Amino acid sequence: MIAAEIFEPIDHASVVDTVVGKVETMIVDGVLKDGARLPSEREMADAFGVSRPKLREALQTLEARGLVHVRHGDGTYIAELTGRAMSPAMLALYSRHGEAFYDYLEYRREQEAFATRLAAQRATAADKERLSAIREELEAAWLGQDAEAESEADFRLHRAVVDASHNTTLIHMMASVYDLTRRGIFYNHDLLRSIDDSGRKLLDQHIEIIESVLSADPVRAEEAARDHMDYVEESIRRGRELQRREQRARMRFKSGV
């Protein structure tokens, strides 16, 4: 759940409009992301320094604008605003036509190179603290051979770099794109590890991306992002070829040839 501390006291004459404006700005800036649960009305009212009736009125305005939705008995959530990059039918079509995966990677390569370069130029102290924490998560997951934790930290890293770009359009567009990867539409982390059994190369590349942003070196950052995406593409191609060979070998074995 979103921490109440991100909401600041309000001293504007138009209380409701100011609350609405602040929440809208946080949505645009990617601070409040799709599906995030907001704090309770009491916590938000205290954080903003407004009365609960005024806070409730602001939330009603946001709900009428389709920006939040209330789950009675559960809480208030940011609406699914960016949607998915593709419809379920198109996702299924892509999964049946593997070459589409490389178009997806080509798009990600360019966008992530752009995002990482911007992050190296724009990352704040808070952004850098977040990236340093993710580096620790990646290293701990690798040392513990925890593939699930490693995959989650990988996802969090890419999101954190894009957030550090401070380009709101990029933040929202890439959130939709990353959804495809997180749900394993094109590939999963295990397929990458079929090439790099230890996961060490992936870890080193992720650390290089983080270090390049922390050192505020945009050229190095862009190169690190491109090298990483090139490695992902090469690994997936090799992994898929190995899978095809194994499938053919099994068929020959079963046929007795």
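Residues numbered from 1 in each chain as written. Predicted model: local features only at pLDDT ≥ 70, side-chain atom pairs only at ≥ 80, totals over all residues. Heavy atoms only, no water.

(A) Region of the structure containing the packing of aromatic side chains. This model, assessed by the stated rule, comprises zero aromatic pairs. One residue, R71, lies across the ring of Y77, its end atom 3.8 Å from the ring centre. Above the plane of the ring of Y102 lies R237, whose end atom (NZ or CZ) is 3.7 Å from the centre. (Phe/Tyr/Trp six-rings, centres within 6.5 Å; stacked < 30°, edge-to-face > 60°. Lys NZ or Arg CZ within 6 Å of the ring centre and 35° of its normal.)

(B) Structural context of the side chain of T116. Along the chain, T116 falls in helix α5 (residues 100-122). The residues contacting T116, other than those within four sequence positions of it, are V161, I209, V213, A221 and A225. (Helix = DSSP H or I, 4+ residues; strand = E, 2+ residues; numbered from the N terminus. Contact = heavy atoms within 4.5 Å.)

(C) Structural detail: the pairing of strand β2 (residues 75-78). Sheet topology note: the strand β1 (residues 68-71)/β2 ladder contains four bridges and is antiparallel. When the bridges of β2 are listed, R71 appears paired with G75. In this antiparallel pair of consecutive strands, β1 and β2, the connection spans three residues, and G73 shows a positive phi of 85 degrees. (Pairing = 2+ DSSP bridges.)

(D) View of the packing of helix α6 (residues 125-143) against helix α10 (residues 200-214). Following both chains from N to C, one finds α6 and α10 inclined at 165 degrees, their axes separated by 10 Å at the closest point. The pairing of α6 with α10 is recorded here as roughly antiparallel in orientation. The interaxial crossing formed by α6 with α10 has left-handed handedness. When α6 is examined against α10, the residues K128, L131, S132, R135, L138, E139 and W142 are found in contact with a partner set consisting of R200, L203, H206, I207, I210, E211, V213 and L214. (Axes fitted to C-alpha atoms, helices over the stretch in contact; angles between N-to-C directions. Parallel < 35°, antiparallel > 145°, perpendicular 65-115°, else oblique. Left-handed = near helix turned anticlockwise from the far one by under 90°.)

(E) Representation of the environment of I209. By the secondary structure assignment, I209 is in helix α10. Its relative accessible area of 3% is what places I209 among the buried residues. For the pair I209 and L131, spaced 78 residues apart in the sequence, the C-alpha separation amounts to 9.7 Å. Apart from the residues lying within four places of it in its own chain, the contact partners of I209 are T116, V161, A224, A225 and H228. (Buried < 20%, exposed > 50% of the residue type's maximum accessible area, 1.4 Å probe, protein only.)

(F) Looking closely at unusual backbone geometry. We note that Q145 has phi near 50 degrees; this positive angle belongs to a residue other than glycine. With respect to the helices and strands, the residue Q145 is situated in the loop between α6 and α7 (147-164).

(G) Looking closely at helix α2 (residues 41-48). For α2, the set of buried residues is M44, A45, A47 and F48. Mapping the buried residues of α2 onto a view down its axis gives an arc of 165 degrees, with all of them on the same face. Along its buried surface, α2 packs onto α1 (15-28) and α3 (52-64). Backbone geometry just downstream of α2 places G49 in the positive-phi region, at approximately 75 degrees. (Arc of directions from axis to C-beta.)

(H) Local environment of the pattern of salt bridges. Counted under the stated rule, the structure contains 19 salt bridges. E222 is the partner of R117 in a salt bridge, and the nearest nitrogen-oxygen pair spans 3.0 Å. Of this pair, R117 sits in helix α5 while E222 sits in helix α11 (residues 218-255), and the two are 105 residues apart along the sequence. A relative accessible area of 26% places R117 in the partly exposed class. Each member of the salt-bridge network shares a partner with another, and the members are R109, D230, E233 and R237. (Salt bridge = Lys/Arg side-chain N within 4 Å of Asp/Glu carboxyl O.)

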